[in-house]
Amino acid sequence: MASTALLALFALMLPLGVNAQTAGLAAARPSAAIATPPMGWNSWNSFADTVDSQVIQRQAQAIAANGMKAAGYEYVNIDEGWWKGERDADGNIVVDPAQWPALKPAQKAGDMANIAAYIHSLGLKAGIYTDSGKSGCGYYGPDVGPKREHTGAEGHYERDFLQFSKWGFDYVKVDWCGGSDEKLAGPVQYAQIERAIQRAEAATGRRLYLSICEWGSQKPWMWGAGVGGAESTIWRTGGDIVAPVVEAEQDEKHLKRVVTLKQIFDSFDAGIHPEGQHTGYYNDLDMMVMGMRGMTESMDRIHMGLWAISSAPLVVGSDLTRLKPASVALLTNAGLLAIHRDELGLQAVKIAEPQPGVQVWAKPLAGAGRRAVALLNRTKEAARIDVDWTKFGLAPAPAEVRDAIADKDLGTQGAPYGVTVPAENLVVLTINGKELSATVYPASAKDNERIGNAPAEACRGCAGESLIAIGGNRALVFHGVRSATGQRLVRANYRNVGPATVVGRLVVNGVRGTGVAFPPTGKELRSITLWLELNDANRPNALEFGAPCGAEVWLESVEVLAW
Ligand code: GLA
């Protein structure tokens, strides 16, 4: 990443009907290889502060053996409770040697590298946990006490993230209990954290993936994408689905905890921020509670279906050694995982709610005419739900319909296609129909389309971000109605001929800016796709793409899909 952050700005402003063209010219470029949402396991929901080496080894063995690893679940994440807040005189983290013993003859007890190496030995990746503030949740609200002060990283970001990386961890969840209590600013702290992470990565050569956990309190979907230059990341959008259900703790507090369907819906509803999620940045709807106390088969199905169609992180918080085969089958369901790992990485948006609690959610999948649809019945009565794909960018022509969970071909059907969904249940379909024409806005030859193309002279001496406008005096104008969902699907076709992902920017109508990742493409044209809120009829829309100075990112065209 260029540290001289001169931002070259491509102001894409074309009057429709003059320069815009319908699909054909630039349509359906293959998608760029954006980072997919993480998948794995986390210790908190089922072990809380009782986590130790034994617990982690058993869970790592389970995920490696029960089919989850084969299906793509790769992280084994140690949450709060691993550290009691002690440091040595130099400020280095000190852990309890009994909690984290040596696992091999040559190892020393009290070294977190032991458990990271164990996780790696099973072909899995290792995750760890800290807090953005001085003390973490283990001080403010431990589940199984006592309170642990100084369990946060503040004042030690440089040292701690380097330590995590040296130990061999691949993933770090950074919580917000201290951050919240100290009234810190999320975008500032997490940018500092991400930059410390990048320095740690440079020192060890190991990727350390940041998981932001501030529960949506400062709207991270507005600033999480690209925070601190992150190439990919996730951010929690709400609180915990359920407080930990620790089976070994048979006290009243733990025994009365059960997951309810409402908690799952609340978490899903709080996480819908489609405009924040794109190019490898994801809304995190919280750890999965599949199979935990209170969960039924239909709740499992709703949970997995909604998380999959949201491309939310799939980090399971259950005790994997007790998970029923039916829950594992859903977690590893090929149809749902294909939707989850779809190359566009977008969230579903609500298309229709013909009666309260009866909902149709849809999202585009990579490839022309492909959609995933969740038919969600939150009510206590079975409901007949119509799917009308003309409401989400497909022609009013017959389309191929498939039941994604059952992996069953439902034939070629005309719209609307009706499905009966049992009470409190969900059906997930994939639809393969005829894509309507997109409107294409080519970048002009004169502007040379290079969004990182500030000439070398222009970069010299620039400090911070400065903007260069290229291709002004043109306007991107929409005629026609705003889409049913309020968002437009916008696809940018580009080349990044450099070796690495470039974290650029997009500013919509001079107001909302978001980090955008441009993965490398070689010489091929590739596309990234975003949900954007654009003005409707007759008002110009300006999409300003930028990339750091010197970045080899070339924009060929922008397409607005007919969604
Ligand atoms: C917060 C987070 C949880 C978990 C606990 C640990 O509540 O949201 O996911 O990490 O802290 O105390």
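For every chain, the first residue of its written sequence is number 1, and the numbers climb from 1 along that sequence. Whole-chain, interface and lining totals are the exception, using all residues; otherwise, since this is a predicted model, local features are given only for residues with pLDDT of at least 70 and side-chain atom pairs are given and counted only at 80 or more. In computing side-chain properties, one takes all heavy atoms of the structure into account and sets aside hydrogens as well as water.

Q: Hey, could you run me through the overall build of the protein in this one?
A: Numbering of helices and strands runs from the N terminus, with a helix taken as a DSSP run of H or I at least four residues long and a strand as a DSSP run of E at least two residues long. Along its length, the protein carries 14 helices and 30 strands. A contact between two residues is defined here by any heavy atoms of the two lying within 4.5 Å. If you take every contact in the protein between residues at least 6 apart in sequence, the share linking residues at least 24 apart comes to 76%. On the protein, roughly 21200 Å² of surface is accessible, and the fraction owed to carbon and sulfur atoms is 51%. Only the protein chains shown count as cover for residues, and all accessible areas are computed by the Shrake-Rupley method using a 1.4 Å probe.

Q: Just checking my understanding: could you explain the pattern of salt bridges for this structure?
A: Two side chains carrying opposite charge are able to pair once their charged atoms lie near each other. A side-chain nitrogen of Lys or Arg and a carboxyl oxygen of Asp or Glu constitute a salt bridge if their distance falls within 4 Å. A complete count under the given rule lists 24 salt bridges for this structure. Between Glu 556 and Arg 29 there is a salt bridge, with the nearest N and O atoms lying 3.5 Å from each other. With Glu 556 in strand E30 (residues 553-560) and Arg 29 in the loop between strand E2 (21-22) and strand E3 (39-42), this residue pair connects regions lying 527 residues apart in the sequence. The rule is simple: take the accessible area with a 1.4 Å probe, protein chains only, and divide by the maximum for that residue type; under 20% is buried, over 50% is exposed, in between is partly exposed. Residue Glu 556 is classed as partly exposed on the basis of its relative accessible area of 22%. Owing to a relative accessible area of 26%, Arg 29 belongs among the partly exposed residues under this scheme. Salt-bridge contacts for Glu 424 lead to Lys 380; the nearest nitrogen and oxygen are separated by 2.9 Å. Highlighted residues: Glu 424 in the loop between strand E19 (417-421) and strand E20 (425-432) and Lys 380 in the loop between strand E15 (370-377) and strand E16 (383-387), separated in sequence by 44 residues. By relative accessible area, which is 25% here, Glu 424 ends up partly exposed. The network of salt bridges with common partners includes Lys 134, Glu 154 and Glu 182.

Q: What is the right way to look at helix H4 (residues 113-121) in this model?
A: Residues spaced three or four apart along an α-helix point in a common direction, a consequence of the helix completing one turn every 3.6 residues. Looking only at H4, the buried set comprises Asn 114, Ile 115, Ala 116, Tyr 118 and Ile 119. Contact partners of the buried residues in H4: helix H2 (53-65), strand E4 (75-77), strand E7 (125-131) and helix H6 (157-167). Gly 123 sits one or two positions beyond H4 and adopts a positive phi of about 80 degrees.

Q: Before we go on, may I ask you to explain the nonpolar core in this structure?
A: One broad trend across soluble globular proteins is that nonpolar side chains are buried collectively. The definition of a nonpolar core used throughout is a set of buried Ala, Val, Leu, Ile, Met, Phe, Trp, Tyr and Cys residues joined through side-chain atoms within 4.5 Å. By size, the foremost hydrophobic cluster in this structure holds 97 residues, and its most contacted members are Trp 82 and Phe 161. With 7 residues, helix H11 (residues 297-309) is the largest single contributor of residues to this core. Beyond its immediate chain neighbours, meaning those up to four positions away, Phe 161 contacts Thr 130, Ala 153, Val 172, Val 174, Ile 193, Ala 196, Ile 197, Ala 200 and Leu 208. Within the second largest apolar cluster, 33 residues are counted, among which are Trp 44, Val 315, Ala 492 and Phe 545.

Q: Explanation requested: the side chain of Ser 267 in the structure shown.
A: Structurally, the position occupied by Ser 267 is in helix H10 (residues 261-270). Judged by relative accessible area, Ser 267 falls into the buried class, the value being 10%.

Q: Please explain the site of the ligand as it appears in this structure.
A: When we say a residue is near a molecule or strand, we mean one of its heavy atoms is within 4 Å of it. In the neighbourhood of the ligand, the contacting residues comprise Trp 44, Asp 79, Glu 80, Tyr 129, Cys 137, Lys 173, Asp 175, Cys 213, Trp 215, Arg 236, Asp 240 and Met 287. Counting of polar contacts relies on pairs of N or O atoms within 3.5 Å, with two restrictions inside protein: one atom must be capable of donating a hydrogen and the other of accepting it, and residues adjacent in sequence are counted only when both atoms are side-chain atoms. Between the ligand and the protein, one listed contact pairs an oxygen atom with a side-chain N or O atom of Lys 173 at 2.8 Å. Gly falls in the polar group here, along with every residue not listed as nonpolar (Ala, Val, Leu, Ile, Met, Phe, Trp, Tyr, Cys, Pro) or charged (Asp, Glu, Lys, Arg). Residue composition of the shell around the ligand, grouped by class: 6 nonpolar, no polar and 6 charged.

Q: Help me understand the sheet that holds strand E17 (residues 399-403), please; the structure alone is not making it clear to me.
A: Within a beta sheet, neighbouring strands are joined by backbone hydrogen bonds and run either parallel or antiparallel to one another. For two strands to be treated as a pair, DSSP must find at least two bridges joining them. Across the sheet, 6 strands lie side by side as E13-E14-E15-E20-E17-E18; this open sheet has antiparallel pairing. Strands with a single pairing partner mark the edges of an open sheet, and in this sheet they are strand E13 (349-355) and strand E18 (408-413). Here the average twist between neighbouring strands, direction ignored, is 25 degrees. Of the pairings in the sheet, the one linking strand E14 (residues 358-364) to E15 comprises 7 bridges and is antiparallel in character. Within E15, the residue paired with Trp 361 across the bridge is Ala 374. Angles here are taken between N-to-C directions and fall from 0 to 180 degrees, while the axes themselves are lines fitted to C-alpha atoms, restricted in helices to the stretch in contact. Against the sheet, H11 contacts E14, E15 and E20, and its axis sits at roughly 35 degrees relative to E20.

Q: How should I be thinking about empty space enclosed by the protein in this particular structure?
A: Taking a probe equal in size to a water molecule and rolling it over the atoms shows the remaining empty space. Each cavity reported here is a set of points on a 1 Å grid over the protein atoms alone in which a 1.4 Å probe fits but cannot get out, each pocket an open set with protein on both sides within 12 Å along at least five of seven lines, and each lining residue one with an atom within 4 Å of a point. Grid points are joined across faces, edges and corners, and a volume is the space filled by probe spheres set on the points. Inspection of the entire model under this criterion finds 3 cavities of 30 Å³ or more. Taken as a whole, the largest cavity encloses approximately 80 Å³ of empty space. What lines the largest cavity is Asn 42, Asn 77, Tyr 171, Lys 173, Ser 211, Arg 236, Asp 284, Asp 286, Met 287, Pro 313 and Val 315. Each residue belonging to the lining of the largest cavity can be placed in one class, and the counts come to 4 nonpolar, 3 polar and 4 charged. Within this model, the second largest cavity holds a volume of roughly 40 Å³. Along its surface, the second largest cavity is lined by Ser 31, Ala 32, Ile 34, Thr 279, Glu 343, Leu 344, Ser 527, Ile 528 and Thr 529. Partitioning the lining of the second largest cavity into residue classes produces 4 nonpolar, 4 polar and 1 charged.

Q: Is there a simple way to think about the side chain of Gln 57 in this case?
A: Along the chain, Gln 57 falls in helix H2. Each residue touching Gln 57, except ones within four places of it in the same chain, is listed here: Leu 103, Ile 115 and Tyr 118.

Q: I tried to follow the confidence of the model for the protein on my own but got confused; where do I start?
A: Detailed reading of the predicted model is not advised wherever pLDDT is low. Averaged over all residues, the pLDDT of the protein equals 88, while 86% of them reach at least 70. Predictor confidence is given residue by residue as pLDDT, running from a minimum of 0 to a maximum of 100. Scored below 50 in pLDDT, residues 1-26 shows 109 contacts in the model against residues more than four places distant or in partner chains. Scored below 50 in pLDDT, residues 452-481 shows 92 contacts in the model against residues more than four places distant or in partner chains.

Q: Explain the environment of Lys 380 to me, please; I cannot follow it from the model alone.
A: On the accessibility criterion, Lys 380 (67% relative accessible area) is exposed. Placed 42 residues apart in sequence, Lys 380 and Pro 422 show a C-alpha to C-alpha distance of 8.4 Å. When residues no more than four places from it in sequence are discounted, the contact partners of Lys 380 are Ala 423 and Glu 424.

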